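This is what each chain is made of:
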Amino acid sequence: MKIKKWKGGFRPFLTEDESMISTTSSRNTVYVYNAGNGKLLHTVKTVSNVSETAVSGDGKLLAAKNTSGTISVICLETQEEICRSAMEGREGYAMLFMPDHRTLLDFDWEGRTMRLDCITGRHDILDGPGAGVKSLPKLTSHIQYDAFSNQICKLCYNGSGLPGGRVMVSPACADQIAFRTVHEFETALPRASDGLSFCRTNNYYLDRRQNQLVAADKNFTELFRKELPAPGICSVDKIWVSKDEKYLFMDFGRQCDSRDFAAYKTAKSLSCLFALDTMDQIAEFDYDYVSDFMTFDGDRKFLLATWHGSYMGVL
């Protein structure tokens with residue numbers, strides 16, 4: 001297997017046409033690559049503590065969001081900042097450029113869906129709490145765009161200490177944001193921190209208590225379950241299913257008792273790639289601090305992101 005190290009990691013962004021990938025350092029640098037040949041196209045300095053990035057569909061604009069929720073929009077050709085907005089001061093989730101390449105949708109931890117005009121820097125709230133409002137207790141578990149259904153998916157807790165929650169979806173159009181409930185969970189809500197994959201046909205998530213991979217349709221109606229392999233001495237930290245549903249990637253973290261501090265400092269990390277249909281192991285990795293995994297080019301290529309860099313491989 002051929003593997004090449006890239007600069008930047010954390011949570012990489014892949015354009016919908018799979019032509020460009022952006023990665024970020026832990027501070028203020030974003031790297032933009034040609035996804036086809038792996039060539040570094042741009043190195044961009046922007047806001048400190050970058051947590052999310054997005055590239056417009058025409059490849060001209062880069063949006064970078066930091067851990068305070070501030071968004072900077074940069075022209076990749078000139079590397080000049082076009083606008084900067086503090087939004088509502090809350091970080092949140094991955095951003096989404098609209099087809100006009102100048103409108104950006106942003107989603108924060110309070111459950112807001114917001115629109116940013118990348119030319120004027122003006123933003124408005126399309127859904128969720130009003131300006132300055134903080135939800136106590138936190139009611140939104142996760143928000144993510146599903147490119148295969150062209151919907152925004154929002155997972156919400158029931159609140160007031162009640163178990164379960166609901167899944168809501170909205171058209172991914174700034175002028176048509178309207179969430180409706182499509183599924184309710186009586187017990188545990190799927191957790192993005194455990195692994196939640198929106199794939200071409202199905203969605204997948206981890207049932208940690210049962211150590212099972214759950215496949216669901218686009219409305220989160222359960223279809224089937226699979227027992228997960230356990231090659232390491234530690235339980236799985238997080239899972240990812242590849243876009244075209246050929247592979248399952250599992251990260252197990254450092255292979256020791258996490259309470260043994262001395263052993264933890266020197267223990268090797270373990271993550272594995274499996275064939276989704278048979279659960280046969282295909283590859284094993286020992287990269288520390290895995291943060292994300294994605295595939296592209298018909299599941300032929302992958303990018304394994306860590307806090308210290310990314311690794312592009314060809315299967």
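The following paragraphs examine the structure supplied in this document.

1. Topic: the overall build of the protein
- Assigned secondary structure in the protein consists of 1 helix and 28 strands.
- What you see for the protein is a C-alpha radius of gyration of 19 Å, in line with the 20 Å of a compact globule of 315 residues.
- If you line up the protein on its principal axes, its C-alpha atoms span 50 × 45 × 40 Å.
- Counting only residues that meet the buried cut, the protein has 54% of its 315 residues in that class.
- Summarising the internal contacts of the protein: among those between residues at least 6 apart in sequence, 39% fall at separations of at least 24.
- Per element, the accessible surface of the protein, about 14500 Å² overall, is 48% carbon and sulfur.

2. Section: the side chain of Lys218
- Tracing the backbone shows Lys218 in the loop between strand S20 (212-216) and strand S21 (222-227).
- Of note is the side chain of Lys218, whose polar atom sits 2.5 Å from the backbone oxygen of Cys199.
- Here Lys218 is in contact with Asp146, Phe148, Ser149, Phe198, Cys199, Arg200, Thr201, Asn202 and Asn203, once residues within four sequence places are set aside.

3. Description of the packing of aromatic side chains
- Counting across every chain of the model gives 13 aromatic pairs.
- Aromatic pair Phe249 and Phe285: ring centres 6.1 Å apart, planes at 45 degrees, arrangement tilted. You can see Phe249 sitting in strand S23 (residues 247-254) and its partner Phe285 sitting in strand S25 (residues 281-285), a full 36 residues away along the chain.
- Judged by relative accessible area, Phe285 falls into the buried class, the value being 6%.
- Aromatic pair Phe285 and Phe302: ring centres 5.9 Å apart, planes at 65 degrees, arrangement edge-to-face. With Phe285 in strand S25 and Phe302 in strand S27 (residues 301-306), this residue pair connects regions lying 17 residues apart in the sequence.
- Taken together, Trp240, Phe249, Phe285, Tyr287, Phe293, Phe302 and Tyr311 form an aromatic cluster joined through their ring pairs.
- For Lys154, the ring lying beneath its charged end belongs to Phe179, and the centroid distance is 4.4 Å.

4. Remarks on unusual backbone geometry
- Within the chain, Tyr289 stands out as a residue other than glycine whose phi angle is a positive 55 degrees.
- Tracing the backbone shows Tyr289 in the loop between S25 and strand S26 (290-296).
- Under the relative-accessibility criterion, Tyr289 is labelled partly exposed at 41%.
- Within the chain, Asp297 stands out as a residue other than glycine whose phi angle is a positive 55 degrees.
- Position of Asp297 relative to the elements: it lies in the loop between S26 and S27.

What counts and how
- Residues numbered from 1 in each chain as written.
- Predicted model: local features only at pLDDT ≥ 70, side-chain atom pairs only at ≥ 80, totals over all residues.
- Heavy atoms only, no water.
- Helix = DSSP H or I, 4+ residues; strand = E, 2+ residues; numbered from the N terminus.
- Rg over C-alpha atoms; globule rule 2.2 N^0.38 Å.
- Buried < 20%, exposed > 50% of the residue type's maximum accessible area, 1.4 Å probe, protein only.
- Contact = heavy atoms within 4.5 Å.
- Areas by Shrake-Rupley, 256 points an atom, 1.4 Å probe, with all protein chains shown as cover.
- Polar contact = N/O pair within 3.5 Å; in protein donor to acceptor, adjacent residues only side chain to side chain.
- Phe/Tyr/Trp six-rings, centres within 6.5 Å; stacked < 30°, edge-to-face > 60°.
- Lys NZ or Arg CZ within 6 Å of the ring centre and 35° of its normal.

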